[in-house]
Amino acid sequence: MPVILMVDGPSLGGFVCAATIVSTELWKIGQVRPNDNIRFKAISLEEAFRAIAVTDALVSNLMSLARGDTTLEAAEAALAGLQPELPAMPPTAPVLVKQEATEGHPGLLVRLAGDRCVQVEYGPMELDLNLRARIHCLEQQLAARNVPGLVETNAGVRSVMIEYDARQLALPSLLALISSADACIGDVAHMVLPSRVVHLPMAFEERWTAEALQKYMRSARAEAPYLPSNIQYIANNNGLEGREDVRRIVFEASYLVLGLGDVYLGAPCAVPVNPLHRLVTTKMNPARTFTHEGTVGIGGSYMCIYPMDSPGGYQLVGRTLPIWNSFGRAGPFTAQKPWLLEFFDQVRFFEVSEAELEDLRERFKNGQYSIDVEHKTFSMAEYNDMLATMPDEVAAWKAQQRTAMATQLQLEEESLARLEAAAAAKAAEGGESSVHG
């Protein structure tokens, strides 16, 4: 089913985005109620930008009318005679720009994302920190130009969403700006980035995670390869012997923050720097309806810390400190920056008991516990040199993971088949059930 992300949606996420509702139509979505029907209609770029001009003129005339600065007849005449001038637009297509890869460039795509945004993507769809460094450089180049109408950039792993105001910055001009900024990016393989090392306490496989999973098993799905223990599933899905291997890797890893807002409110999308620490998981199907704030989860090969009590689908490994403080009144938080982590931070967990974590969380919320933060740098050259020394180890690790994942996917298919059979049998007996697949 389609999901429409509104103003309170995450800034990053895993949904496949097939279309974007234009800004002049969002007021309709804000009034949708349960059981309403929605029909989508495809429009062109010209129609979308013309609608912006017409809506602006309508609002302006209504305001003038309300102030008594014009008459109803004059306002209606102004709207009837409106002929917005639009610059020549590129074809309305999912991909606006495609630049092929060369020896010195990873290749670039600019994707259409409605009438307010475009998304820039670098290179192939794979995890490569060099691509993230290039995204960082593109953001810096765009910010340095200080162009009116360039509203915001929001970086992901190998992409960046660019929001713009078409009233000030026409789409063709934005595309030219992106091309110019990209051309100024040098060799990122030797970049040195500011990088804080943030040491956070974590209680591993604790009672809060157990509570969330028990709720899930009662309300959503009683059996699955990742139940009753996410930790054991992570071990199985990566070809590891068991729980202690997962514990060792989680506490040895240094998680590099590549994105913020993966779930909500400054949640990190972070990946272990060392490829041998990159545990791989699938997401829970269906997602949980509840996860405790501060819970640490792994989805795909990424680590996330939940900043609030919320739904979620990552496999859960433990719980740590709050990473968001709405009022910004304690510890490292401020009213201007109520989130803890920053791009290119390295998160390193150290193990504590449940009781110790409870005490640390309470003291941290009250500004009585200071986390250990080291101000260092992250060298892309050192990272690339490390990768060059371990290709065989990484290849063997990935092969092990692929074999283990194939087994777990088969078990998942069998589990879903059993659930569907049980639901069908219950329906035949006159009961009601639902299965999420």
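Look a little higher up for the structure.
The notes below deal with the structure included here. (Residues numbered from 1 in each chain as written. Predicted model: local features only at pLDDT ≥ 70, side-chain atom pairs only at ≥ 80, totals over all residues. Heavy atoms only, no water.)

Concerning the overall build of the protein
In plain terms, the rule: Helix and strand assignments come from DSSP, with helices taken as H or I runs of at least 4 residues and strands as E runs of at least 2, each series counted from the N terminus. Exposure is judged per residue with a 1.4 Å probe applied to protein chains only, and the accessible area is read against the type maximum: over 50% gives exposed, under 20% gives buried, and values in between give partly exposed. Should any heavy atoms of two residues lie within 4.5 Å, those residues are considered in contact. Here the accessible surface of atoms and residues is derived via Shrake-Rupley with a 1.4 Å probe, and residues count as covered only by protein chains that are part of the display. In this tally, Lys and Arg are treated as positive and Asp and Glu as negative; His is ignored, and so are the chain termini. Each charge is placed at NZ for Lys, CZ for Arg, CG for Asp and CD for Glu.
When helices and strands are counted, the protein shows 11 helices and 15 strands. If one aligns the C-alpha atoms of the protein with their principal axes, the spans along those axes are about 75 × 65 × 50 Å. By residue count, 44% of the 437 residues in the protein fall in the buried class. Considering only intrachain contacts with a sequence separation of at least 6, the fraction spanning at least 24 residues in the protein is 67%. Total accessible area on the protein stands at roughly 22,900 Å², and carbon and sulfur atoms take up 54% of it. Distance between charge centres in the protein, computed from 37 positive and 53 negative side chains, equals 2 Å.

With respect to the nonpolar core
Rule in force here: What we call a nonpolar core is a set of buried Ala, Val, Leu, Ile, Met, Phe, Trp, Tyr and Cys residues that are connected through their side-chain atoms within 4.5 Å.
Among the nonpolar cores identified, the biggest contains 50 residues, and Val118, Val120, Leu129, Leu138, Ile162, Leu171 and Leu174 are the most heavily contacted of them. With seven residues, helix 4 (residues 129-145) is the single largest residue contributor to this core. Ala235, Ala270, Leu321 and Leu357 belong to the second-largest nonpolar core, a separate cluster that totals 39 residues.

Let's talk about the sheet that holds strand 2 (residues 108-113)
Cut-off, in case you're wondering: Two strands qualify as a pair provided that DSSP identifies no fewer than 2 bridges between them. In this analysis an axis means a line fitted to C-alpha atoms, helices contributing only their contacting stretch, and an angle means the value between N-to-C directions, from 0 to 180 degrees.
On the basis of which strands lie adjacent, the open sheet formed by five strands has the order 1-2-3-5-4 and antiparallel pairing. Strands at the two margins of the open sheet, each flanked by one partner only, are strand 1 (95-99) and strand 4 (150-155). Strand-to-strand twist in this sheet, taken as the mean axis angle between neighbours without regard to direction, amounts to 15 degrees. Two elements, strand 1 and strand 2, share four bridges in a ladder whose sense is antiparallel. Residue pairing across strands places Val97 opposite Val110, the latter belonging to strand 2. On the sheet, helix 5 (residues 171-183) packs against strand 1, strand 2, strand 3 (117-122), strand 4 and strand 5 (159-164) and is oriented at approximately 25 degrees with respect to strand 3.

Some points on the packing of aromatic side chains
We apply this condition: What counts as a ring pair is set by centres within 6.5 Å for rings of Phe, Tyr and Trp (its six-membered ring), and what kind of pair is set by the plane angle: stacked under 30 degrees, edge-to-face over 60, tilted for all other angles. Any Lys NZ or Arg CZ found within 6 Å of a ring centre and within 35 degrees of that ring's normal is scored as a charge over the ring.
Scanning all chains against the criterion turns up seven aromatic pairs. Consider the rings of Phe378 and Tyr383, whose centres lie 6.0 Å apart with planes at 40 degrees: the pair is tilted. What makes Phe378 buried here is its relative accessible area of 6%. For Tyr383, a relative accessible area of 5% corresponds to the buried category. The rings of Tyr216, Tyr226 and Tyr233 are connected pair by pair, giving a single aromatic cluster. The lysine or arginine in question, Arg132, covers the ring of Phe343, its NZ or CZ lying 5.0 Å from the ring centre. Across from the ring centre of Phe290, 4.1 Å away, lies the NZ or CZ of Lys215, which sits over that ring.

Quick notes on the packing of helix 2 (residues 45-67) against helix 3 (residues 72-80)
Filter applied, for reference: Angles below 35 degrees are treated as roughly parallel, those above 145 as roughly antiparallel, those between 65 and 115 as roughly perpendicular, and all remaining angles as oblique.
Direction vectors running N to C along helix 2 and helix 3 enclose 170 degrees, while the axes themselves pass 10 Å from each other. Put simply, helix 2 runs roughly antiparallel to helix 3. Contacts between helix 2 and helix 3 pair Ala57, Leu58, Asn61 and Leu65 from the former with Leu72, Ala75, Ala78 and Leu79 from the latter.

Things to note about the side chain of Asp345
The condition is simple: Any pair of N or O atoms that falls within 3.5 Å is considered a polar contact. Within protein, one atom must be able to donate a hydrogen and the other to accept it, and sequence-neighbouring residues count only if both atoms are side-chain atoms.
With respect to the element layout, Asp345 can be found in the loop between strand 13 (315-319) and strand 14 (346-351). Given the relative accessible area of 1%, Asp345 is considered buried. A distance of 2.7 Å separates the side chain of Asp345 from the side chain of Arg196, its partner in a polar contact. The residues touching Asp345, leaving out its near neighbours within four places in the chain, are Ser195, Arg196, Val198, Tyr255, Leu256, Val257 and Leu340.

Focus: the pairing of strand 13
A regular strand places its side chains so that they alternate between the two faces of the sheet. In terms of burial, strand 13 is largely enclosed, as five of its five residues are buried. Note that strand 6 (residues 192-204) and strand 13 share two bridges and pair antiparallel. Residue pairing in the sheet places Ala203 in a bridge with Arg319 of strand 13. Note: strand 10 (residues 295-299) against strand 13, four bridges, orientation antiparallel. Bridge pairing in strand 13 links Gly297 to Leu316.

Brief notes about the pattern of salt bridges
Basically, it comes down to this: Put simply, a salt bridge is a Lys or Arg side-chain nitrogen that is within 4 Å of an Asp or Glu carboxyl oxygen.
Per the counting criterion, the structure on display carries 26 salt bridges. Linking Glu163 and Arg116 is a salt bridge whose minimum nitrogen-to-oxygen distance equals 3.1 Å. One end of the pair, Glu163, is in strand 5; the other, Arg116, is in the loop between strand 2 and strand 3, with 47 residues separating them in the sequence. Looking at Arg116, the relative accessible area reads 36%, which means it is partly exposed. In this structure, Arg243 engages Glu205 in a salt bridge whose closest nitrogen and oxygen atoms are separated by 2.2 Å. Of this pair, Arg243 sits in helix 8 (residues 243-252) while Glu205 sits in the loop between strand 6 and helix 6 (207-219); the two residues are 38 residues apart in sequence, bridging distant segments of the chain.

Notes on the state of the cysteines
Our working rule: In this description, the term disulfide denotes a pair of cysteine sulfurs within 2.5 Å.
Under the defined criterion, the tally for this structure stands at zero disulfides. Of all cysteine sulfurs in the structure, the one in Cys117 sits closest to Cys17, which takes part in no disulfide; the separation is 11 Å. In this structure Cys117 comes out as buried when scored by relative accessible area, which is 13%.

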